[in-house]
Amino acid sequence: MNYAVFFRNLNLGRPNCPSKAQLERAFLAAGASAAASFQVNGTLAFSAAPGTRPHRLLALACQHLRAECGLREPAFLRRLDDLAGLVALAPFAAVDRSTVYECCVTFLHPDSPALPPAPWQSRRGDVEVLRFTDAEAFSLSRKLGSSPGSPNAALEKLLGQPGTTRSWNTLLRLLDKHG
């Protein structure tokens with residue numbers, strides 16, 4: 001596999017969301033040589049033949065999904081090699097994991113405005129972004145009340161653009177399996 005795609009707000013089998021088979025079939029119909037759904041959160045790894053434009057393949061897969069099940073959520077494409085580069089940054093190396101609910105990576109919309117300096121914290125203090133790249137945010141989610149902070153909601157509000165968030169462990173497992 002050479003690419004991963006992360007859909008926003010997709011849980012397999014829910015209304016307006018594909019099943020695992022539909023998700024994989026959409027990518028294969030769009031020209032992927034292999035496609036493997038990973039977990040139920042709208043993460044998929046796929047291979048594209050040399051010369052295939054991955055963004056075009058993703059657009060065609062999204063058209064299939066829109067027609068088949070009504071999915072209209074954005075998707076964020078990354079090369080698996082680039083995801084491995086994010087892991088090499090070790091953004092959470094200094095974090096005592098017992099003090100946070102979750103370490104997360106958010107894939108940002110390409111039209112996001114200029115990013116604020118990091119660290120950045122939500123007004124409630126339940127989300128802290130430790131670092132931004134050009135296309136990602138590495139954040140901590142804290143459980144201050146009955147529910148943990150949502151990096152995705154905080155960053156979408158801050159930037160005015162959709163994004164999608166995965167736990168850091170999901171990214172590590174994806175790369176362990178397909179990287």
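Refer to the structure presented above.
Residues numbered from 1 in each chain as written. Predicted model: local features only at pLDDT ≥ 70, side-chain atom pairs only at ≥ 80, totals over all residues. Heavy atoms only, no water.

A. Representation of the overall build of the protein in the model. Within the protein one finds 5 helices and 9 strands. If you list the helices and strands of the protein from N to C, you get β-α-β-β-α-β-α-β-β-β-β-α-β-α. Scaling as 2.2 N^0.38, a compact globule of 179 residues should have a C-alpha radius of gyration of about 16 Å, and the protein matches this with 16 Å. Seen through its C-alpha atoms, the protein measures out along the principal axes to roughly 45 × 35 × 30 Å. Considering the protein as a whole, with its 179 residues, one finds that 49% of them fall into the buried category. Taking the contacts inside the protein whose residues are at least 6 apart along the sequence as the reference set, 68% of them involve residues at least 24 apart. In the structure as shown, the protein presents an accessible area of about 8900 Å², 48% of it carried by carbon and sulfur atoms. Of the charged side chains in the protein, 20 are positive and 14 negative; the average position of the first set lies 5 Å away from that of the second. (Helix = DSSP H or I, 4+ residues; strand = E, 2+ residues; numbered from the N terminus. Rg over C-alpha atoms; globule rule 2.2 N^0.38 Å. Buried < 20%, exposed > 50% of the residue type's maximum accessible area, 1.4 Å probe, protein only. Contact = heavy atoms within 4.5 Å. Areas by Shrake-Rupley, 256 points an atom, 1.4 Å probe, with all protein chains shown as cover. Lys, Arg positive; Asp, Glu negative; His and termini not counted. Charge placed at Lys NZ, Arg CZ, Asp CG, Glu CD.)

B. The environment of Gln-22, seen in detail. Structurally, the position occupied by Gln-22 is in helix H1 (residues 20-29). The buried category is assigned to Gln-22, whose relative accessible area is 18%. The sequence separation of Gln-22 and Cys-69 amounts to 47 residues, and the corresponding C-alpha distance is 8.6 Å. When sequence neighbours within four positions are dropped, the list of residues in contact with Gln-22 reads Cys-17, Leu-65 and Glu-68. Within the structure, the side chain of Gln-22 is placed 2.7 Å from the backbone nitrogen of Ser-19, a separation counted as a polar contact. (Polar contact = N/O pair within 3.5 Å; in protein donor to acceptor, adjacent residues only side chain to side chain.)

C. Geometry of the packing of aromatic side chains. Scanning all chains against the criterion turns up 7 aromatic pairs. Between Tyr-3 and Phe-46, the aromatic rings sit 5.4 Å apart at their centres with planes inclined by 20°, giving stacked as the arrangement. Taken as a pair, Tyr-3 in strand E1 (residues 3-7) and Phe-46 in strand E3 (residues 43-47) lie far apart in primary sequence, 43 residues in all. Taking the relative accessible area as the measure of exposure, Tyr-3 reaches 12% and is therefore buried. With a relative accessible area of 0%, Phe-46 lands in the buried category. Here the aromatic rings of Phe-138 and Trp-168 are separated by 5.7 Å at their centres, their planes lie at 80°, and the arrangement is edge-to-face. Of the two residues, Phe-138 is situated in strand E8 (residues 136-141) and Trp-168 in helix H5 (residues 168-178); the sequence distance between them amounts to 30 residues. (Phe/Tyr/Trp six-rings, centres within 6.5 Å; stacked < 30°, edge-to-face > 60°.)

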